[in-house]
Amino acid sequence: MSARRTTSTLLLTGAILVTGAGSALAAEGDGTFTMTLTADPGNLDPQMGASSSLFQATRFAYDSLLSMAPEDGSIQSQLATDWSVDGTTVTLTLAEGITCADGTPLTATDVVANFDYVADPANLSPFLGVYYPAGATAVADDAARTVTITRAAPAPFVLTGLTDLPIVCAAGLADRAALAGATAGTGPFVLSEAAPGDHYTYTIRDGYAWGPNGATTEGLPGTVVLRIVENPATAANLILTGDVNAATILGPDAQRVAAEVPYSVPTEALIGEMWFNHAEGRPGADPAVRLALTQGVDLAQLQQVLSGGQGGPAKTFATLSPVACPGESVSPALPAFDAAAAGAALDAAGWAQGADGIRAKDGQPLTVTFLHDTSAGAAGQAAAELATQQWTALGASVVDKATTGPATNEALFATGDWDIAWVPLNVSSPDQLVPFLSGPAPAEGGANFASVANDAYTASVTAAAALPGIEGCATWLEAESSLVAAADVVPFANSVVPTFGKGAEFAFSGSLIPTSIRLQAP
């Protein structure tokens, strides 16, 4: 989503590796690798948006301090070659010889300037509290190439967060406006052409040798093109014809491609997550309405339609592999589908059904604006239509809005003109979702776009954050269950999302790893 922040779909951590098919590889620096993005990334400033499209584009031109091993999700090197955690202190040592795309060296002071920018609430970075702990401070020692972070409070998955925080070079820090349409990073590629709404072209750098676990540009294609293709059917056709080398595709189109393209990288992800707008004056501010609109739709049926029959029910809020806290936080708290009970609950709460079938309370009709993203394709539209039918039968007047990523962002983070939104936020550790599920709303400088205020969630999060790593998992899951029980946020559909490859092989860690790309010789 991207108005003040972007999150239309967060696919930000996790690790999946699929080995190649064994074909001969193209020579180093030769050829072009083309992949599709489901939405335009918009402003390219890598620290001002967290949509899946921007995050993927960012990885080509920017590095993070640490990386996550595709095989098992363990923490490994990137810009930093050594790291340690001692209580609330994290110390990282930068690799020698790191240079930016403009040839200038990256210093520890530059890294701290990145932290300071994200940490300043006035800058409205979506990564504050998600990938960089709120209230943390950092100091640099350029001679020793070290950065020391001191956290104000426990952050059990702090190293995981640093694997997803892109580092901007000094030139970009000095001119943030320029980052909207250019790159200033240490990554293996540099942006060479931007055609918003159509494509973005990246060109390989010379001398890059500090990628994930010491990866270099050896064996990489000379050019990468990111094509904006919002329609899943179109993306499927492009991968089938070989016009693109990689495309992430959901639903029936994925089955069509799988029948002809054997190579794919699977990522289990949350594809259906229902948010209610709790802001004052919106129907969702009434807990009875949220619970009734949750109980009044057949979520199991919606999950099957949305996933094209290939998915399953959601289990936890943090789904991307490797899941930090596996378990079941959703189903134990989810009310069973019962349209009659939902209607009775609305009656009891004073939402009376009129002669036209629409419910009203105190003269205000039960009108809900329902947002769902077009990137889910025909399956997403069919699921949205089914939900609309069931809510209408319950007595709600539903304004169905199929939106693109930027329009969804605008509604969630700027105008607030929405009541129900299907927006799956995908992460691997539950702490990364806390700013979206508590704290200030966007108008107050926060990320809590639904204005959720759940005391039980906040109490459990506070307790869980005080425990190291996975020791707090039972409490993190308890926190998530409290959100479902109150129908604050309801995850309802998981699916294994394939990224198909044709003429190339690659690895994933939440998104495609640029240094893993290998073109196959024709």
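Residues numbered from 1 in each chain as written. Predicted model: local features only at pLDDT ≥ 70, side-chain atom pairs only at ≥ 80, totals over all residues. Heavy atoms only, no water.

This part takes up the state of the cysteines. In the structure shown here, the tally under the stated rule is 2 disulfides. Disulfide pairing places C100 opposite C169 at an S-S distance of 2.1 Å. Around the S-S axis, the bridge from C100 to C169 shows a dihedral of about -100 degrees and counts as left-handed. Pair noted here: C100 is in the loop between strand 6 (89-94) and helix 2 (108-119) and C169 is in the loop between helix 3 (158-162) and helix 4 (170-174), with a separation of 69 residues, a long-range link. Residues C100 and C169 agree in their burial class; the two are buried. Linked covalently through their sulfurs, C325 and C473 form a disulfide whose S-S length is 2.1 Å. Handedness here is read from the sign of the S-S torsion; for C325 and C473, about -75 degrees, the answer is left-handed. Separated by 148 residues along the polypeptide, C325 in the loop between helix 8 (299-306) and helix 9 (339-348) and C473 in helix 14 (residues 473-485) bring together distant segments of the chain. Considered together, C325 and C473 belong to a single accessibility category, that of buried residues. Taken N- to C-terminal, the disulfide-bonded cysteines of the chain are connected 1-2, 3-4. (Disulfide = S-S within 2.5 Å. Helix = DSSP H or I, 4+ residues; strand = E, 2+ residues; numbered from the N terminus. Buried < 20%, exposed > 50% of the residue type's maximum accessible area, 1.4 Å probe, protein only.)

When you tally the buried positions in helix 1 (residues 52-61), you get 10 out of 10 residues, the bulk of the element. The complete set of buried residues in helix 1 reads S52, S53, L54, F55, Q56, A57, T58, R59, F60 and A61.

An order of 5-6-8-7 is seen for the 4 strands of this open sheet, with the pairing classed as antiparallel. Looking at strand neighbours, the two that pair on one side only are strand 5 (80-86) and strand 7 (137-141), the edges of this open sheet. Neighbour to neighbour, the strand axes of the sheet diverge by 15 degrees on average, direction disregarded. In terms of strand pairing, strand 5 meets strand 6 through 6 bridges, oriented antiparallel. Within strand 6, the residue paired with V85 across the bridge is V90. (Pairing = 2+ DSSP bridges. Axes fitted to C-alpha atoms, helices over the stretch in contact; angles between N-to-C directions.)

A complete count under the given rule lists 8 salt bridges for this structure. The salt bridge involving R176 is made with D45; its shortest N-O contact spans 2.8 Å. Taken together, the residues span a long stretch of sequence, with R176 in the loop between helix 4 and strand 9 (189-195) and D45 in the loop between strand 2 (32-37) and helix 1 at a distance of 131 residues. Residues R176 and D45 agree in their burial class; the two are buried. (Salt bridge = Lys/Arg side-chain N within 4 Å of Asp/Glu carboxyl O.)

The next thing to look at is the packing of aromatic side chains. How two aromatic rings sit relative to each other is given by the distance of their centres and the angle of their planes. Considering all chains together, one arrives at 14 aromatic pairs under this definition. When the ring of Y208 is compared with that of W210, the centres are 5.0 Å apart and the planes differ by 55 degrees; the resulting orientation is tilted. Considering the side-chain rings of F506 and F508, the 6.4 Å spacing of their centres and the 50 degrees angle between planes classify their relative orientation as tilted. For the pair shown, F506 and F508 are each scored as buried. Sitting above the plane of the Y117 ring, R176 keeps its charged end 3.7 Å from the centroid. (Phe/Tyr/Trp six-rings, centres within 6.5 Å; stacked < 30°, edge-to-face > 60°. Lys NZ or Arg CZ within 6 Å of the ring centre and 35° of its normal.)

Turning our eyes to something else, we now look at the pairing of strand 8 (residues 146-150). Summarising the sheet, strand 6 and strand 8 pair through 5 bridges and their orientation is antiparallel. Note that in strand 8 the partner of T93 across the bridge is T146. Across 5 bridges, strand 7 lies against strand 8 in antiparallel orientation. Looking at the pairing, T137 lines up with T150 of strand 8.

We now examine the side chain of N114. Of note, N114 is situated in helix 2. With residues near it in sequence (within four places) discarded, N114 still touches Q47, P166, I167, V168 and L173. (Contact = heavy atoms within 4.5 Å.)

For the rest of this paragraph, the subject is the environment of A333. Considering the arrangement of structural elements, one finds A333 in the loop between helix 8 and helix 9. Through-space distance from the C-alpha of A333 to that of S482 is 7.4 Å; in sequence the pair is 149 residues apart. Not counting chain neighbours up to four residues away, the residues in contact with A333 comprise S481, V484 and A485.

This part covers the environment of Y132. With respect to the element layout, Y132 can be found in the loop between helix 2 and strand 7. Taking the C-alpha atoms as reference points, Y132 and G172, 40 residues apart in sequence, are found 19 Å from one another. Contact partners of Y132, with chain neighbours within four places excluded, come to F115, V118, A119, F127, T137, A138, I149 and L165.

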